[in-house]
Amino acid sequence: MPETQRLIEKPSKQKKIIQCYHCGESCDSSIEADGHFFCCDGCSFVYNLLKENGLCNYYDLSTTPGIKVKGKYNSDKFSFLDTPEAQQKLITFKDEKQSQVSFYLPQVHCASCIWLLENLHSIQTGISFSKINFQRKEIFIAFDHNQTPLRKVVELLAFIGYEPYISLNDSEEKKTKKVNRKHLYKIGVAGFCFSNIMMLSFPEYFSSGKIDEYTLKHLFSYINLLLALPIFFYSASEFFVSAYKGLQQKWLNIDAPIALSILMAFSRSVYEVLSQTGPGYFDSMAGIVFFMLIGRWFQNKTYDSFSFDRDYKSYFPLGITKVEEGVEVPSTISSLKKNDHIIVRHQEMIPADSVLIDGEASIDYSFVSGENTPVLKRKGELIYAGAKQLGGKIELMVIKTVNQSYITQLWNNNDFYGDQKNKDKSFIHPWSRYFTIVLFSLAAFAGIYWAFVNPKNILSAVSSALIVACPCSLLLSSTFTFGNMLRYFGKNKLYLKNASVIEALSRVNTIVFDKTGTLTYTSNASVDYCGVPLTRQERSYIYALAKDSAHPLSRLVKEHLLRIHTIIPFRVKDFRELPGKGTEGTIDNKKVKVGSCLFITGFNDSKTNSAEVWVAIDNDVKGFYRIHNLYREGVKEMAAKLETKNYQLHILSGDNDSERKRLQTYFPLAPLMFNQSPQDKLEYIKELKENSARRVLMLGDGLNDAGALRQSDVGIAVSENTSQFTPASDGILDSHNVNKLDAFLSYARAGKNVTLASWIISILYNFVGLSFALSANLSPMVAAILMPISSITIVTFVTIATGIAAKQRGL
Amino acid sequence: MSVLIVLVIVSVIVAGCFLAAFIWSVRKGQYDDDYAPSVRILFDDTVSTEDKNPN
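No experiment lies behind these values; they were computed from the predicted model shown. (Residues numbered from 1 in each chain as written. Chains lettered and ligands numbered in written order. Predicted model: local features only at pLDDT ≥ 70, side-chain atom pairs only at ≥ 80, totals over all residues.)

**With respect to helix H24 (residues 678–691) of chain A**
Because each turn of an α-helix spans 3.6 residues, side chains separated by three or four positions in sequence point in the same direction.
Residue and element names in this part refer to chain A.
Inference 1: End to end, H24 covers 20 Å across 14 residues, agreeing with the expected 20 Å (1.5 Å per residue, within 8%).
Inference 2: All of the buried residues along H24 are Pro678, Lys681, Leu682, Tyr684, Ile685 and Leu688. Burial along H24 is one-sided: seen end-on, the buried residues are contained in an arc of 160°. Facing away from the buried side of H24 by over 90 degrees, the exposed positions are Glu687, Glu690 and Asn691.
Inference 3: Positive backbone phi, approximately 50°, marks alanine 693, located one or two places after H24. (Helix = DSSP H or I, 4+ residues; strand = E, 2+ residues; numbered from the N terminus. Expected span 1.5 Å × (residues − 1). Buried ≥ 20, exposed ≤ 12 C-beta atoms within 10 Å, placed from the backbone. Arc of directions from axis to C-beta.)

**Brief notes about the nonpolar core**
Residue and element names in this part refer to chain A.
Inference 1: Membership of the largest hydrophobic core comes to 116 residues, with the highest contact counts inside it found for Cys193, Ala228, Ile262, Met285, Ala286, Val289 and Ala465.
Inference 2: Ranked by residue count, the leading element in this core is helix H26 (residues 741–774), at 11 residues.
Inference 3: Alanine 286 has contacts with Ala190, Cys193, Phe194, Ile197, Ala228 and Ile231, leaving out every residue within four places of it along the chain. (Core = buried A, V, L, I, M, F, W, Y, C linked by C-beta atoms within 7 Å. Contact = placed C-beta atoms within 7 Å.)

**Observations regarding the sheet that holds strand E16 (residues 388–390) of chain A**
Residue and element names in this part refer to chain A.
Inference 1: Reading across the sheet, the 3 strands line up as E14-E13-E16 and stay open at both edges, with antiparallel pairing between neighbours. Each end of this open sheet is capped by a strand with a single partner; those strands are strand E14 (375–377) and E16. The sheet shows a mean angle of 45° between the axes of neighbouring strands, taken without regard to direction.
Inference 2: Examined bridge by bridge, strand E13 (residues 361–364) and E14 share 3 bridges and lie antiparallel to one another. Paired with serine 362 across the two strands is leucine 376, which belongs to E14. (Pairing = 2+ DSSP bridges. Axes fitted to C-alpha atoms, helices over the stretch in contact; angles between N-to-C directions.)

**Some details on the packing of helix H16 (residues 458–468) of chain A against H26 of chain A**
Residues and elements named next belong to chain A.
Inference 1: At a closest axis distance of 8 Å, the pairing of H16 and H26 adopts a crossing angle of 165°. If you check the angle between H16 and H26, you find them roughly antiparallel. Like other packed secondary-structure pairs, H16 and H26 cross with a definite hand, here right-handed. Each of Ala461, Ser464, Ala465 and Val468 in H16 lies in contact with H26, whose residues at this interface are Gly769, Leu770, Ala773 and Leu774. (Parallel < 35°, antiparallel > 145°, perpendicular 65-115°, else oblique. Left-handed = near helix turned anticlockwise from the far one by under 90°.)

**Some details on the pairing of E13 of chain A**
All names here are of chain A.
Inference 1: Here E13 shows no split at all, with Ala361 and Ile363 on one side and Ser362 and Asp364 on the other all buried.
Inference 2: Relative to E16, E13 runs antiparallel, the two being bridged by 3 bridges. Bridged to aspartate 364 within E16 is lysine 388.

**Comments concerning the environment of isoleucine 343 of chain A**
All names here are of chain A.
Inference 1: By the secondary structure assignment, isoleucine 343 is in strand E11 (residues 341–344).
Inference 2: Sequence separation between isoleucine 343 and tyrosine 543 is 200 residues, and the spatial gap between their C-alpha atoms is 32 Å.
Inference 3: Not counting chain neighbours up to four residues away, the residues in contact with isoleucine 343 comprise Thr321, Val323, Glu328, Lys393 and Glu395.

**Some remarks on the interface of chain B and chain A**
Inference 1: On the chain A side, the residues contacting the 24 residues of chain B number 24 residues.
Inference 2: If you tally residues by element for the side of chain B that touches chain A, the top one is helix H1 (residues 2–27) of chain B, at 9 residues.
Inference 3: Among the residues making up the side of chain B that touches chain A, the classes are represented as 16 nonpolar, 2 polar and 6 charged. (Nonpolar A, V, L, I, M, F, W, Y, C, P; charged D, E, K, R; others polar.)

**Description of the confidence of the model for chain A**
Residues and elements named next belong to chain A.
Inference 1: Per-residue confidence for chain A gives a mean pLDDT of 81, with 87% of residues at or over 70.
Inference 2: Across residues 1–14, where pLDDT falls below 50, the model places 15 contacts with residues more than four positions away in sequence or in other chains.
Inference 3: This stretch, residues 416–420, has a pLDDT under 50; its non-local contacts, to residues over four places away or in other chains, come to 4 contacts. (pLDDT = per-residue confidence, 0-100.)

**Side note on unusual backbone geometry**
All names here are of chain A.
Inference 1: With phi around 50°, aspartate 34 is a residue other than glycine that occupies positive phi space.
Inference 2: Here aspartate 34 lies in the loop between strand E3 (31–33) and strand E4 (36–38).
Inference 3: Of note in this structure, asparagine 589 is not a glycine but carries a positive phi near 65°.
Inference 4: Exposure remark for asparagine 589: the 7 C-beta atoms within 10 Å place this residue in the exposed category.

**Considerations on the pairing of E11 of chain A**
Here is the key point about a regular strand: its side chains alternate between the two faces of the sheet.
Residues and elements named next belong to chain A.
Inference 1: Pairing between strand E9 (residues 319–324) and E11: 3 bridges, direction antiparallel. Within the sheet, the bridge partner assigned to threonine 321 lies in E11 and is isoleucine 343.
Inference 2: Note: E11 against strand E17 (residues 394–398), 4 bridges, orientation antiparallel. Looking at the pairing, isoleucine 343 lines up with glutamate 395 of E17.

Right under this line is the structure:
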């Protein structure tokens with residue numbers, strides 16, 4: 001045993017780190033081509049392929065645009081794409097000469113990506129056309145399946161780093177996302193009708209209602225009537241539908257007074273035109289509908305490339321290799337039955353709860369439990385679905401179907417689908433109800449008043465009151481406030497599902513954090529070395545060995561060595577990776593081993609719970625690297641700020657409690673819970689909500705938090721890289737900005753004040769309008785001027801106010 | 001003044017053409033992606049195929 005004397009390693013001064021020309025990862029200078037350095041063979045292969053095909057422009061459009069191809073390329077991974085079953089599910093169109101297919105490519109991130117992917121045809125003959133939709137990160141490919149099979153197309157994409165995400169979900173529903181277009185049509189039609197009605201109403205205004213030529217006057221009115229029809233029956237239909245649905249449930253929502261106002265304006269105008277008593281209020285009505293549709297569009301413009309409703313199906317691959325009578329057959333997951341034998345390779349996911357039959361399984365459960373150190377499994381042991389295999393190929397026997405496996409059970413739990421969260425809880429609805437009640441009583445009061453004074457005016461006063469006091473400016477104020485706030489949140493990389501999440505955020509009083517991945521870095525850790533001092537050469541041996549290993553701890557050690565020391569590149573001979581144990585190889589005629597304590601020293605001595613990587617050179621145990629979670633920058637300050645603002649904080653972790661002491665210094669008041677299973681987390685949140693009546697915000701990252709995210713009032717998925725997959729949630733937050741959480745929450749609260757202030761402004765406008773209406777003096781011109789002005793004032797006000805509020809909070 | 005009637009009808013028809021153009025462009029998917037086309041237009045369209053050496 002080495003003396004475990006601690007050595008403090010000082011970073012050498014201002015070390016210049018070489019970056020991979022392809023993917024930008026820091027690397028040594030061992031792999032070189034044309035004066036560029038590469039971090040791994042994968043990157044340099046891609047570079048060479050692009051160079052051969054004259055596609056080096058890829059590197060000129062943006063620097064280091066490439067995506068590192070993770071792990072070793074597995075030639076059998078896509079074999080299931082040769083099955084007609086899988087092809088039929090994926091290919092959208094097929095004739096004798098051509099097939100068409102669309103894939104989701106989460107890696108697409110820059111102009112270079114678009115350029116390369118749209119030039120696929122020059123790399124692979126047979127591909128005739130490819131086009132990227134950047135918003136949705138989708139690629140559309142047309143190819144000749146006689147020349148190039150589907151599998152080859154997918155393999156090419158995977159090779160150059162853009163592995164398509166083919167999941168079980170894709171195969172089950174081929175939903176086309178064209179819902180948004182309908183809204184655009186409505187806006188287009190409303191805009192067309194509104195502008196023309198406006199134009200035809202001008203003569204009426206300028207002559208103050210006295211146009212001498214009767215034919216012209218009537219022509220204008222009748223054209224207006226015609227133009228108002230599409231607005232009333234097509235563009236405004238959603239307000240009527242929504243109001244009707246609300247009334248059916250005996251619920252007066254904000255669309256009810258709007259629908260009433262549109263209905264009143266339309267019917268009174270039709271009456272006036274047909275009876276030739278006046279020009280009607282078509283212009284105001286068209287304006288209301290047009291502005292409100294724009295407001296809704298502004299608010300609902302969300303993030304197409306994110307999916308907030310993933311269930312386990314999006315995580316699971318589509319294809320799997322089955323063993324039937326000793327032969328490996330590619331197959332699809334949906335055809336998997338109990339007692340089937342399957343093959344799972346390095347980095348592949350186990351799709352159903354199974355028993356290990358053959359091979360050495362090193363199982364990464366980080367997806368399921370959050371624990372990120374792989375566990376070794378022996379033959380006959382049970383492995384849960386959602387786990388990933390690291391290392392060699394294993395054979396498993398399925399004991400439960402995909403739908404009934406442990407992790408998927410979470411989704412079958414009824415709580416999970418619960419009623420749609422936060423629906424109808426918005427403060428806009430109760431406010432608009434008061435508004436409607438006040439409006440009706442005012443109209444009734446005016447009606448009674450005129451019944452005594454001058455009965456001729458009853459109809460005119462009541463109907464114009466209902467027209468002018470449209471709560472449209474109220475609706476506009478909330479839609480534009482929240483729409484704008486969504487954009488500010490998005491600018492700070494918090495992508496919310498919709499506007500109602502902002503309101504829910506403003507009501508939160510309890511925050512629950514997941515530890516691993518949320519508060520700590522996933523790809524970065526603090527590493528320190530204990531043992532006999534190493535020479536530069538020895539460190540380079542360890543680096544060379546760690547570089548080729550797929551194990552997450554090896555990667556951390558590699559990163560650490562590269563960051564702190566100067567490395568001499570070495571080639572490793574006889575490289576072997578033993579799953580769950582470590583790696584060994586011969587470098588410079590010395591046998592180097594890196595791995596677990598048991599593997600290196602022969603006995604298990606680890607007293608602490610922290611992760612350790614032991615090192616031996618020529619069977620001489622040198623020491624070990626101890627790896628600690630590294631907390632994200634600013635987490636401590638954020639926790640302190642949140643606690644002073646009276647938020648209750650909780651920590652739930654799937655890991656063991658080795659970090660308890662350190663974590664408690666960060667969160668002095670928070671209860672810390674360790675060894676929490678996904679189900680425990682879900683129950684914990686439920687408990688908080690039901691028994692303590694807390695309104696809970698949950699931040700988590702993995703599939704293991706999915707249940708808790710769903711159960712909480714607001715669930716935010718934290719992601720190191722927003723192109724990665726995140727569990728179903730109400731929002732996705734870039735992990736670099738976790739420390740801005742307090743600013744986000746306070747901004748959400750400010751949003752309510754902005755809405756309130758803009759409501760007061762719109763109420764003032766309503767007073768002016770109503771005073772005209774109740775005195776039975778509302779001319780169409782006054783209405784047509786008042787409405788746009790009030791809308792414009794409100795939109796300007798909320799835009800400025802939300803901007804100032806964001807700036808104050810450093811967002 | 002009756003010429004106004006003709007003019008009004010013509011102007012509404014012209015505006016109708018623009019509406020039709022808008023609907024056509026939405027249907028063609030021109031509003032689906034507002035980033036890729038802005039980049040695509042700057043690419044040089046010829047990927048030099050001569051570089052493809054068969055040896």
